[in-house]
Amino acid sequence: MITAAPVVPVMRLYLALILLAPPLAANPVMDGADPHASVVGKTYWLYPTEASSRDPVFAAYRSTDLRSWKREGVILELDKVPWVKADGAPWHGAWAPALAEKKGKFYFYYSVGPQNPTPSRIGVAVGKSPSGPFTDSGKPLLTGGDGFEAIDPMVFTDPSFGGKSWFYAGGSAGAKLRVFEMADDMVSFKREVNVEQPQHFTEGAFMHLRGKIYYLSYSDGKWNDSSYSVHYATAPSPTGPWSYRGKILGSDDKHQGPGHHSFVENPATKEWFIIYHRWETTRKDPPFRGGRKIAVEKVEYDNKGLIQPIKMTDGRAR
């Protein structure tokens, strides 16, 4: 009788890391745009601008490996939020949402567009789970106007300074970034912070912290144009001052207009990934039409903490 050799502790550790480390996604992973990713426990959650729904709705998607995503269902319908239709506009878009978690509750921030004929607005709804259901707060959190477009919300809770939460929003036509400190209830502001405008900023701000470096990343260019791309700046705090570091994701021969992204960290391996949308076309002449696709790429940092240029991939790459 032949018995198997015992698995040594090093081998056990190696196998555990294989199971915990997600392989890079089989790109593109789904239809959609403006993906906001978040980690809750061992699960990745994704909130995009929906690709195929005829109605203005938001949905949640769940994954354990960043490759396969399950649609958990609709979590908020704009038609059921009373204040949305109060502006009298003939149509409203459900755009660019974001999720934040604090003290056991989940806060879902979302854009209500367009900017014309009435100003764009940002709402916030509250739930007990990342899959909802979410109940709207009852009024807009932020309204556009005077050269500011209220779109693309993002909330970053800083573990380094007492758990303060910071709200980032704005862009497109006015290309203006505004930053607020959130009140404890997470559905109102404590104060607005005056910040310098980042170089090459158009829209879609995202903040993440790695080590002691704060990374403000964002989109530049026109959303349906090959100029659309991801740039970033670093700072010693969530509100700047910004040190512009350059473009890290841009169009190539097979894909155009990558942008409006989020960063997410694997809690087991500490690897970072960027989730973004792009146009699957070799065509260079805008405007691009049809649907955008969501893709995932691994992010590499150098020994100074700077993000290395990101190459877009197809299929499963590692």
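My aim in this report is to walk through the structure given alongside it, one point at a time. Since this is a predicted model, take the numbers as computed values, not measurements. (Residues numbered from 1 in each chain as written. Predicted model: local features only at pLDDT ≥ 70, side-chain atom pairs only at ≥ 80, totals over all residues. Heavy atoms only, no water.)

Of regular secondary structure, the protein chain possesses one helix and 23 strands. For 318 residues, the compact-globule estimate of 2.2 N^0.38 gives 20 Å, and the protein chain sits close to it at 20 Å. Principal-axis analysis of the C-alpha atoms places the extent of the protein chain at approximately 80 × 45 × 40 Å. In the protein chain, buried positions account for 53% of the 318 residues. (Helix = DSSP H or I, 4+ residues; strand = E, 2+ residues; numbered from the N terminus. Rg over C-alpha atoms; globule rule 2.2 N^0.38 Å. Buried < 20%, exposed > 50% of the residue type's maximum accessible area, 1.4 Å probe, protein only.)

Before going further, it helps to spend a moment on the packing of aromatic side chains. All told, the structure shown has 18 aromatic pairs when counted by the stated rule. When the ring of Phe-108 is compared with that of Tyr-110, the centres are 6.1 Å apart and the planes differ by 25 degrees; the resulting orientation is stacked. Residue Phe-108 is classed as buried on the basis of its relative accessible area of 0%. A relative accessible area of 0% means that Tyr-110 is categorised as buried. Three or more aromatic residues link up through ring pairs in this structure, and these residues are Tyr-47, Phe-58, Trp-83, Phe-108, Tyr-110 and Phe-134. (Phe/Tyr/Trp six-rings, centres within 6.5 Å; stacked < 30°, edge-to-face > 60°.)

A word on the side chain of Asp-220. As for its placement among the helices and strands, Asp-220 is situated in strand E17 (residues 213–220). Buried within the structure, Asp-220 lacks any salt-bridge partner; Lys-247 is the closest side chain of opposite charge, at an N-O distance of 7.8 Å. At a separation of 2.8 Å, a polar atom in the side chain of Asp-220 contacts the side chain of Thr-202. (Lys, Arg positive; Asp, Glu negative; His and termini not counted. Salt bridge = Lys/Arg side-chain N within 4 Å of Asp/Glu carboxyl O. Polar contact = N/O pair within 3.5 Å; in protein donor to acceptor, adjacent residues only side chain to side chain.)

A sheet is described by the order of its strands in space; here four strands give the open sequence E2-E22-E21-E20, paired in antiparallel fashion. Because the sheet does not close on itself, it has two edges, and the strands there are strand E2 (30–31) and strand E20 (256–265). Strand direction decides the pairing type here: strand E21 (residues 272–279) and strand E22 (residues 293–299), joined by seven bridges, are antiparallel. Along E22, the bridge assignment pairs Tyr-276 with Ala-295. (Pairing = 2+ DSSP bridges.)

The next subject is the pairing of strand E5 (residues 57–63). Across the seven residues that make up E5, a large majority, six, are buried. Relative to E5, strand E4 (residues 43–49) is paired through three bridges, and the arrangement is antiparallel. Bridge pairing in E5 links Leu-46 to Tyr-61. Note: E5 against strand E6 (residues 70–77), six bridges, orientation antiparallel. Along E6, the bridge assignment pairs Ala-60 with Gly-73. Here E5 folds back onto E6, and the loop between the two strands holds six residues, one of which, Leu-66, carries a positive phi near 70 degrees.

Moving on: the layout of surface pockets. The volume enclosed by the largest pocket comes to roughly 950 Å³. In this structure, the largest pocket is lined by 42 residues; those nearest its centre are Asp-34, Thr-49, Trp-91, Trp-95 and Arg-292. Broken down by secondary-structure element, the contributors of at least two residues to the lining of the largest pocket are strand E3 (33–40), strand E7 (93–102) and E21. Looking at the lining of the largest pocket, the element that brings in the most residues is E7, giving four residues. Counted by class, the lining of the largest pocket contains 16 nonpolar, 12 polar and 14 charged residues. Taken together, 22 residues make up the lining of the second largest pocket; nearest its centre are Ser-38, Val-39, Phe-156, Thr-157 and Trp-272. For the lining of the second largest pocket, the elements supplying multiple residues, two or more each, are E3, E7, strand E12 (154–157), strand E16 (203–210) and E20. Residue composition of the lining of the second largest pocket, grouped by class: 15 nonpolar, four polar and three charged. (1 Å grid on protein atoms, 1.4 Å probe; cavity = no way out; pocket = protein on both sides within 12 Å on 5 of 7 lines; lining within 4 Å. Points joined across faces, edges and corners; volume = space filled by probe spheres on them. Nonpolar A, V, L, I, M, F, W, Y, C, P; charged D, E, K, R; others polar.)

Now for empty space enclosed by the protein. Taken as a whole, this structure holds one cavity of 30 Å³ or more when the rule is applied. Estimates place the volume of the largest cavity at around 80 Å³. As for the largest cavity, its lining consists of 15 residues, of which His-36, Pro-97, Pro-153, His-260 and His-261 are closest to the centre. For the lining of the largest cavity, the secondary structure elements donating two or more residues are E3, E7, E16 and E20. Here the residues of the lining of the largest cavity are counted per class, giving eight nonpolar, five polar and two charged.

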